[in-house]
Amino acid sequence: AEGRHMAVWSLFVQYPNREPVLRELVAPQSLSELRDALEVFDDQHLLIVDPHHGQFPVERVSDLFDGCSLRVAVPRRRVFVSRSDGLIQHRPVVWYPGAGAEQIESAIVKACGFAVGTAIEVMDGDVAVVISATIPNDSALTAVPLAPEGGSVVVTGSRAGSGQIPLPPNGCLPRSPESPRGPRTRTATTPTVPPRSGTRAGANSVPRSAAASAGPVGAGQRARSGTPQHPGGAGYPARPGTGGSRTGSPSRPCGGGYGAELPAPASPATPGLAVAPAPAPSPEQPAPGSAGASAVAAASAGADEHCVHILAGHAGPVLSLCTVGDVLFTGSQDCNIMIWDLNNLQYIGTLPGHTGPVKCMAATLGRKMLCSGSQDKTIKVWSLETFSSTKTFLGHSSEVNTMTVLENSEVLLSGGEDRSVRVWDLLSLTLLASLEQAHLSGIFAVKQLDGSSFVTASRDRTIKVWTTSTWQARCTLNPPHYDAVSDVAAGSRQGRLFSASRDRSIRRWDVQSLESDLQLTNAHSDWITCLALSSSENTIFSGCRDATVKVWDSELRCMTTLTGHRGPITALLTVDGHLFSASHDRTVRVWRVDQFEKS
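All values derive from a computational prediction rather than experimental measurement. Within each chain, residues carry numbers counting from 1 in the order of the written sequence. Where totals are concerned, whole chains, interfaces and linings use all residues; where local detail is concerned, this predicted model gives features only for residues with pLDDT of at least 70, and gives and counts side-chain atom pairs only at 80 or more. By convention in this description, side-chain values take in all heavy atoms of the structure and omit both hydrogens and water.

### Comments concerning the overall build of the chain
So, step 1. For helices the rule is a DSSP run of H or I covering at least 4 residues; for strands it is a run of E covering at least 2, with both sets numbered from the N terminus onward. Counting secondary structure elements, the chain contains four helices and 40 strands.
So, step 2. Summary of the burial criterion: residues with accessible area below 20% of their type's maximum are buried, those above 50% are exposed, and those between are partly exposed, where the area comes from a 1.4 Å probe applied to protein chains only. Considering the chain as a whole, with its 599 residues, one finds that 56% of them fall into the buried category.
So, step 3. In the chain, the share of contacts with a sequence separation of at least 24, taken over all contacts with a separation of at least 6, comes to 52%. By definition in these notes, contact holds between two residues if any of their heavy atoms fall within 4.5 Å.

### Some words on the side chain of R419
So, step 1. By the secondary structure assignment, R419 is in the loop between β23 (411–416) and β24 (421–425).
So, step 2. Buried R419, no salt bridge; nearest opposite-charge side chain is E417, N-O distance 7.3 Å. His is not counted, nor are the chain ends; Lys and Arg add positive charge and Asp and Glu add negative charge. Just to be clear on terms, a salt bridge is a Lys or Arg side-chain nitrogen sitting within 4 Å of an Asp or Glu carboxyl oxygen.

### What about helix α2 (residues 31–38)?
So, step 1. Within the span of α2, buried status applies to L34, R35 and L38. An end-on view of α2 places all buried positions within 95° of arc, on one side of the element.
So, step 2. Directly beyond the C-terminal end of α2, a positive phi value near 60° is found at E39. Arc definition: directions from the helix axis to the C-beta atoms.

### Topic: the packing of aromatic side chains
So, step 1. Each Phe, Tyr or Trp ring, with Trp reduced to its six-membered ring, pairs with another whose centre is within 6.5 Å; inter-plane angles below 30 degrees give stacked pairs, above 60 give edge-to-face pairs, and intermediate values give tilted ones. Scanning all chains against the criterion turns up four aromatic pairs.
So, step 2. Between F454 and W466, the aromatic rings sit 6.2 Å apart at their centres with planes inclined by 5°, giving stacked as the arrangement. Highlighted residues: F454 in strand β27 (residues 453–458) and W466 in strand β28 (residues 463–467), separated in sequence by twelve residues.
So, step 3. Take F454: its relative accessible area is 0%, and that puts it in the buried class.
So, step 4. Residue classification places W466 among the buried positions, given a relative accessible area of 6%.
So, step 5. Summarising the aromatic geometry, the rings of F454 and W471 are spaced 6.1 Å apart at their centres and angled 50° between planes, so their arrangement reads as tilted. A residue pair is termed long-range when its members are at least 10 positions apart, and F454 in strand β27 and W471 in the loop between β28 and β29 (473–476) qualify at 17 residues. Residue F454 shares its accessibility class with W471, and that shared class is buried.
So, step 6. One aromatic cluster is present, formed by F454, W466 and W471 through successive ring pairs.
So, step 7. The ring centre of W527 lies 4.0 Å from the NZ or CZ of R502, which sits over that ring. A ring is scored as having a charge over it whenever the NZ atom of a lysine or the CZ atom of an arginine sits within 6 Å of its centre and within 35 degrees of its normal.

### So, the nonpolar core
So, step 1. What makes a nonpolar core is a set of buried Ala, Val, Leu, Ile, Met, Phe, Trp, Tyr and Cys residues whose side-chain atoms join them at distances within 4.5 Å. Counting residues in hydrophobic clusters, the biggest one holds 18 residues, and the most contacted among them are V79, V81, V93, I108 and V122.
So, step 2. Of all elements in the fold, only β6 (77–83), β7 (91–95), α3 (101–111), β8 (119–124) and β10 (139–146) reach the threshold of two or more residues within this core.
So, step 3. The element that contributes the greatest number of residues to this core is α3, accounting for five residues.
So, step 4. Ignoring any residue separated from it by four or fewer positions in sequence, one finds V81 in contact with I88, Q89, H90, R91, V93, I108, A111, C112 and L141.

So, in structure tokens, the structure goes:
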């Protein structure tokens, strides 16, 4: 028995989508110890590969022996879809590892009996769901067909009836009352440019009113726990503070300009900027500047005592945020990037080009560049002078989840579902280095730690520190979180690093010792999806899948909870005394948070 306890086993383990590898470990005493040693997640199956008897699950440690072959398998995933008109109810849709979002959407369209190529939106109750391979098993979802204005949705299959479902005048089936689609307006000062050739001018490129009516929600209105959130869903914000310095403050508590005391920025050049013309005002939507418009803005901005404005216009969940100078960029599942003026929070235009959701962005004011990463596996580089795409980086073999530009350098770091970190030179627009298999699973966050190192966080529950001189891993922070690490926030001023996880905890790490000196468990009621630090680094903000944002002091004591969003929070960004929060409810809320700062 003693020999068994001290024996070292050699096991050949095949992880998903990888060749078998040799793992040597001390003979485990329990199945849980074995799974931890092999880093097998709870939703994965561990199988013994027997050349004579096939594969069967490992049920006891006694099933193993030195030199045996194992396989880590990801079980197939399944959801049940229904049509919004009730013709089809709870029809199963199944996919296996490796399936992409387009394949899953195509399977849902087919299962619902829609014509091939029909654009749909998938809803979980009243919350829009990002279509991805990580939707929780056995979720009950509703498919809503989208069609051009005045068009119809063609139905196929045995239950298609007449073959067409007439649509209301707005071109799509009714949505939930909380997500109205009304006429949209822009101010007369917003430049109008004809859409670029080949660019669709429609729901994805025409903004809603800059202030959309939305009020605080109670627990019953928040996103259900079954709604997936991806850092993946979720795109994560660029490192706070990259947008330049400002000294202004809101001139009015609601609906007014965001930094009205600041000088107005130069109007962006218009070539390459696709902006659809604004429709004429209607009785339901007062014209800009009218008394009715002021009342609408005041009502929406006053929904929460800390919320000063709501930005709306995207046709899908907002997944990423980025600022540079006096401009805010918002990336969405609708594949577009919208541009907003931070001085008055007015819509400027839209950058189309990606063919998948825009999950992350980063910018450099010195190079006048914006970089955006997408589920389409590409990174686009945009000129901030012409607002046009100048380069597309190819290299990631899966969706790009996170990126950051290193300060005082011309280097962009990107991390993706392919488990790699890629280093790009923004001067030559070439790939400098590729850190393959940087983690055992998808990378959710990459942030600069100091002048010589950066950190990465992953679904594999770990946080790693890397050096920028050799692009080699320096260490792995211990102890790890109990579930995927969704985001990190680093502050050079206080020398602290904060990490958030799907295990609902927030940890504080000392940058010098790289040790955790404080942990808060059960910080939220659901997955924590994103973090942000105030400019002083004395206040921490955390976003959650339960549609709330919490405000913490540096000792992780909760000061307040910001409510108002109607979907999971996907990204947070701080600019001076304001917090921007992006959500699956397709809006970005602007909160005044300078009152929480301590001198």
